[in-house]
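Examining the three-dimensional arrangement
Chain residues, written in single-letter form:
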Amino acid sequence: MEPADRSTIWPYDERGEPRRFYYSRADHPAAAAAEAALGELEGGDALVYASGMGAATNVLLTFARPGTRVALAEGCYYGTSRLLGLLARWGVELVEYDQTGEPPPDADIVWVESPANPILTVPDWEALRAHPGLVVCDATIATPVYLRALDEGADVVLHSATKYLTGSHDALLGATVTRDQEKSALLRELRTNAGIVAAPDAAAALVHGLDTLDARMARHTESASELARRLEAHPGVSTVRYPGFSGVISFDVEDARAVETATTLIVNATSLGGARSTMESRHRWEGDRIPPGLLRLSVGLEDVDALWDDLAHALVHTAQGLNL
């Protein structure tokens, strides 16, 4: 991978006028390349940010006002609900709803996640297309390989590009994509003035990651599908959630902490979407909004049998606790 241009300034033209790149907070070559590549995959205008939560914050501050009502899908990424809770002091109202079993309630913004992290439900797109509000879809786990949410009716697609889009746990950045020029302009204006553009090295990592996205997602899906099947047959596992694509599985055990600390190949760490498998209990972060025994497993690119051997060894702790 060629080194990114890390300059923060570029000379004006011969007339003393700014060129496209003049100050990196507004735009820079690595960001432009990343946005072009992701925009082509999603079929829209992409913008990159310093993190996935930076992208989410930009969307909310761009389109919400005091009194705005946001309908958030239950089971969405915990950070999103926390962010919306913090914005309550500015008069943003949050209501959660079941994205699989009921139409979205009356709201100015409907925020869904496909699939939701870590419950792994997917939204009812027919109901979303009929809703008059702004539809925002976090497609971090699906990626454009498995979901082009703009085609399904979303107005704004959001990614934590830290995850699958870069794929190596080595770059922190987020992204949004729209097909509405006015919305894109509003998002860019706030991003520039808030100073949350992605750093050059992170943007370059996204370009590099997108080159292998199709192949990586196929491998993640193949391995996760097999591990989900084996987990469903294991006596120490009570519930397995897997949407049938991508690399995230969540499953419930009697003692999540015992299992997550017993693996050796699978790293006991947060985040998801990397070449290296990670697993953690989510109750430590999310509390009673999810089952206390839920483990989120992000299946990496390792050999699937080696991953199963590691999981099976760790699950012995649960089996022993249940006297199986």
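Fair warning: this is a prediction, and the values are worked out from it, not measured in the lab.

**Describing helix α2 (residues 52-63)**
Over its 12 residues, α2 runs 17 Å from end to end, which matches the ideal 16 Å to within 8%, given 1.5 Å per residue. Of all the 12 residues making up α2, nine are buried; the element is thus mostly covered by neighbouring parts of the structure.

**Concerning helix α8 (residues 200-210)**
The buried count for α8 comes to eight of 11 residues, which makes it a mostly enclosed element. When we look at burial in α8, the residues that qualify are Pro200, Ala202, Ala203, Ala204, Ala205, Leu206, Gly209 and Leu210.

**Some details on the sheet that holds strand β8 (residues 237-241)**
Spatial strand order, β8-β9-β12-β11-β10: five strands in an open sheet with mixed pairing. Bordering the open sheet on either side are β8 and β10 (267-268), each of which pairs with just one other strand. Examined bridge by bridge, β10 and strand β11 (residues 278-281) share two bridges and lie parallel to one another. Bridged to asparagine 268 within β11 is methionine 279. Contacts from helix α9 (residues 213-232) reach β8, β9 (248-253) and β12 (294-298), with the element oriented near 15 degrees to β9.

**A look at the pattern of salt bridges**
Throughout the structure, instances matching the rule amount to 22 salt bridges. The residue aspartate 252 makes a salt bridge to arginine 241 at a minimum N-O spacing of 2.9 Å. Residue aspartate 252 is located in strand β9, and its partner arginine 241 is located in strand β8; the two are separated by 11 residues in the primary sequence. The exposure class assigned to aspartate 252 is buried, which follows from its relative accessible area of 10%. Overall, arginine 241 belongs to the buried group, its relative accessible area being 14%. Between glutamate 286 and arginine 289 there is a salt bridge, with its nearest N and O atoms 2.5 Å apart. For glutamate 286, a relative accessible area of 5% puts it in the buried group. Among the ionic contacts, a cluster of salt bridges with common partners joins Arg257, Glu260, Glu280, Arg282, Arg284, Glu286, Arg289 and Arg296.

**Quick word on the packing of aromatic side chains**
Working definition: an aromatic ring pair is given by the centre-to-centre distance plus the angle between the planes. For the structure shown, the criterion picks out two aromatic pairs. Relative to phenylalanine 21, the ring of tryptophan 10 lies with its centre 6.0 Å away and its plane at 50 degrees, an arrangement referred to as tilted. With tryptophan 10 in the segment before α1 (29-42) and phenylalanine 21 in the segment before α1, the pair connects residues that are 11 residues apart, well separated along the chain. Residue tryptophan 10 is classed as buried on the basis of its relative accessible area of 16%. The lysine or arginine in question, arginine 191, covers the ring of tyrosine 49, its NZ or CZ lying 5.9 Å from the ring centre.

Conventions adopted
- Residues numbered from 1 in each chain as written.
- Predicted model: local features only at pLDDT ≥ 70, side-chain atom pairs only at ≥ 80, totals over all residues.
- Heavy atoms only, no water.
- Helix = DSSP H or I, 4+ residues; strand = E, 2+ residues; numbered from the N terminus.
- Expected span 1.5 Å × (residues − 1).
- Buried < 20%, exposed > 50% of the residue type's maximum accessible area, 1.4 Å probe, protein only.
- Pairing = 2+ DSSP bridges.
- Contact = heavy atoms within 4.5 Å.
- Axes fitted to C-alpha atoms, helices over the stretch in contact; angles between N-to-C directions.
- Salt bridge = Lys/Arg side-chain N within 4 Å of Asp/Glu carboxyl O.
- Phe/Tyr/Trp six-rings, centres within 6.5 Å; stacked < 30°, edge-to-face > 60°.
- Lys NZ or Arg CZ within 6 Å of the ring centre and 35° of its normal.

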